[in-house]
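Structure assessment
Spelled out from the first residue to the last, the chains are:
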Amino acid sequence: MARSSKYAIARLNAHPIRGERLNIGLLIFAENSLDIRIGRRLDKVRAISAALDPTELRERLLELANIDALLRDEGLTEGNDRRDALNDLGFVDLSETAEIDSSNTAVYESMVQSLMVSMIEPEQAKTKAPPKRTRLLSVVKGALKRERILAREGDDLAQHRVVPNVQLAEGLVADLVLKNGSMHVVETIDASAADISPRKIVTDIALSALVLEQARISYGNGQTKAKLIYDASASVEAIAMPSLKAAAHQGADLINWQSRDDQLRFLTHLSSLATPFETKRVAGKTRFIASTQRKLDLN
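Figured I'd write up the structure that's included with this text. As the structure is a prediction and not an experimental result, all values here were calculated from the model. (Residues numbered from 1 in each chain as written. Predicted model: local features only at pLDDT ≥ 70, side-chain atom pairs only at ≥ 80, totals over all residues. Heavy atoms only, no water.)

Let us look at unusual backbone geometry. For His 160, which is not a glycine, the phi torsion comes out positive at approximately 60°. Inspection of the secondary structure assignment puts His 160 in the loop between α4 (135–146) and β6 (163–169). Unlike most non-glycine residues, Asn 165 shows phi in positive territory, near 55°. Mapped onto the secondary structure, Asn 165 falls in strand β6. The exposure class of Asn 165 is partly exposed, given its relative accessible area of 25%. (Helix = DSSP H or I, 4+ residues; strand = E, 2+ residues; numbered from the N terminus. Buried < 20%, exposed > 50% of the residue type's maximum accessible area, 1.4 Å probe, protein only.)

Attention now goes to the layout of surface pockets. Taken as a whole, the largest pocket encloses approximately 390 Å³ of empty space. In this structure, the largest pocket is lined by 22 residues; those nearest its centre are Lys 132, Asp 175, Glu 187, Asp 204 and Leu 207. If one sorts the elements of the lining of the largest pocket by residue count, helix α5 (residues 198–219) sits on top with six residues. Among the residues forming the lining of the largest pocket, the class breakdown is 10 nonpolar, six polar and six charged. (1 Å grid on protein atoms, 1.4 Å probe; cavity = no way out; pocket = protein on both sides within 12 Å on 5 of 7 lines; lining within 4 Å. Points joined across faces, edges and corners; volume = space filled by probe spheres on them. Nonpolar A, V, L, I, M, F, W, Y, C, P; charged D, E, K, R; others polar.)

Below, the discussion takes up empty space enclosed by the protein. Evaluated as defined, the whole model comprises one cavity of 30 Å³ or more. In this structure, the largest cavity is lined by Ile 189, Ala 191, Ile 201, Tyr 230, Asp 231, Ala 232, Ala 240 and Leu 244. Counting only elements with at least two residues in the lining of the largest cavity, the list comes to β8 (182–191), β9 (224–232) and α6 (234–249). With three residues, β9 is the single largest residue contributor to the lining of the largest cavity.

The next subject is the pairing of strand β7 (residues 172–180). The buried count for β7 comes to eight of nine residues, which makes it a mostly enclosed element. Inspection of the sheet shows β6 paired to β7 by five bridges, in the antiparallel sense. The residue of β7 that forms the bridge with Val 163 is Val 177. If you look at the hairpin formed by β6 and β7, you'll find two residues sitting between the two strands, and Gly 171 has a positive phi there, around 80°. (Pairing = 2+ DSSP bridges.)

Once that is clear, we can look at the sheet that holds β7. Spatially, β6-β7-β8-β9-β10 is the arrangement adopted by the five strands of the open sheet, whose pairing is mixed. For this open sheet the edge positions go to β6 and β10 (253–256), each flanked by a neighbour on one side alone. Ignoring strand direction, the axes of neighbouring strands in this sheet form an average angle of 40°. With four bridges joining them, β9 and β10 adopt parallel strand pairing. Counted as the bridge partner of Lys 227 is Asp 253 from β10. α5 rests against β6, β7, β8 and β9 of the sheet, and its axis sits at about 170° to β8. (Axes fitted to C-alpha atoms, helices over the stretch in contact; angles between N-to-C directions. Contact = heavy atoms within 4.5 Å.)

This brings us to the pattern of salt bridges. Overall, the coordinates contain 18 salt bridges when judged by the stated rule. Between Lys 200 and Asp 204 there is a salt bridge, and its shortest N-O distance comes to 3.2 Å. Taken together, the residues span about one helical turn, with Lys 200 and Asp 204 both in helix α5 at a distance of four residues. Of the residues examined, Lys 200 reaches a relative accessible area of 43% and is grouped as partly exposed. For Asp 262, the salt bridge identified is with Arg 265, shortest N-O distance 3.6 Å. Remark: Arg 265 and Asp 262 occur in helix α7 (residues 260–273); sequence separation between them is three residues, near one turn of the helix. You can call Asp 262 buried: its relative accessible area is 17%. (Salt bridge = Lys/Arg side-chain N within 4 Å of Asp/Glu carboxyl O.)

What follows covers the packing of aromatic side chains. Inspection of every chain in the model, using the stated rule, returns one aromatic pair. The interplanar angle of 75° and the centroid separation of 6.1 Å between the aromatic rings of Trp 257 and Phe 266 together place this pair among those described as edge-to-face. Judged by its relative accessible area of 6%, Trp 257 falls in the buried class. Stacked on the ring of Phe 277, the Lys or Arg Arg 152 has its end atom at 3.7 Å from the ring centre. Its guanidinium or amino end placed over the ring of Phe 277, Arg 161 lies 3.8 Å from that ring's centre, counting from NZ or CZ. (Phe/Tyr/Trp six-rings, centres within 6.5 Å; stacked < 30°, edge-to-face > 60°. Lys NZ or Arg CZ within 6 Å of the ring centre and 35° of its normal.)

Following this line, the structure appears as structure tokens:
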């Protein structure tokens, strides 16, 4: 059976001079009851006054149900009238009422919970996936640091250096990203451990492929240059190669870190695209690094 009710947001005001205000609950004016929903984190009221007791505040909010029952007994049945009477108590500031329509109890509860999340409960912190920690990634970052193109803490993609641990979406973090015309997204697969299982190798490659696919979604397929660096013995490489070829088929450039040619190709290419840090001057002389002599390209 359809039900229609009015609701108001219960707000706690600080001293008028300060002008601070917090949403602490919902009051839903049903025909024969007052449904009071209080935020789970009521201790947030201490942010505007250390003198407020969250437990006492909760009890006083719940007491409004008894006061509303007395109002109904006195003939105040319309939601707006009941809201005005409770607002005149001065305990909390009630917003103007709005309608909530539902076809059954389940829909009603869903709508109320949605209002609580959007209007009352504190916003949840975004979860951040932990950075990958492997020997290969440390080695690659060390090589980029020697080329003076690895971003320092606090740098972002706007500096046109290689930024580690870039979150692309919930739970998907790219190992390295360089912005220069295109977005150069680098994933690493460390299969150098002697006891690594074939299942883990395939799983790691699949996750990296998923990260690279998310990069194409986030940055645009035409703007994303994917690179997949792997380190594996010849026997492990044979096991991993079908999965690596699948990633290559999706557009990833494969780089075998055990190949000196692949290493040099990778470092030379990124160094030509990135903005290096300035070299240090020693005793009036400048120490030159090969990467500084290349012209900066846009690619």
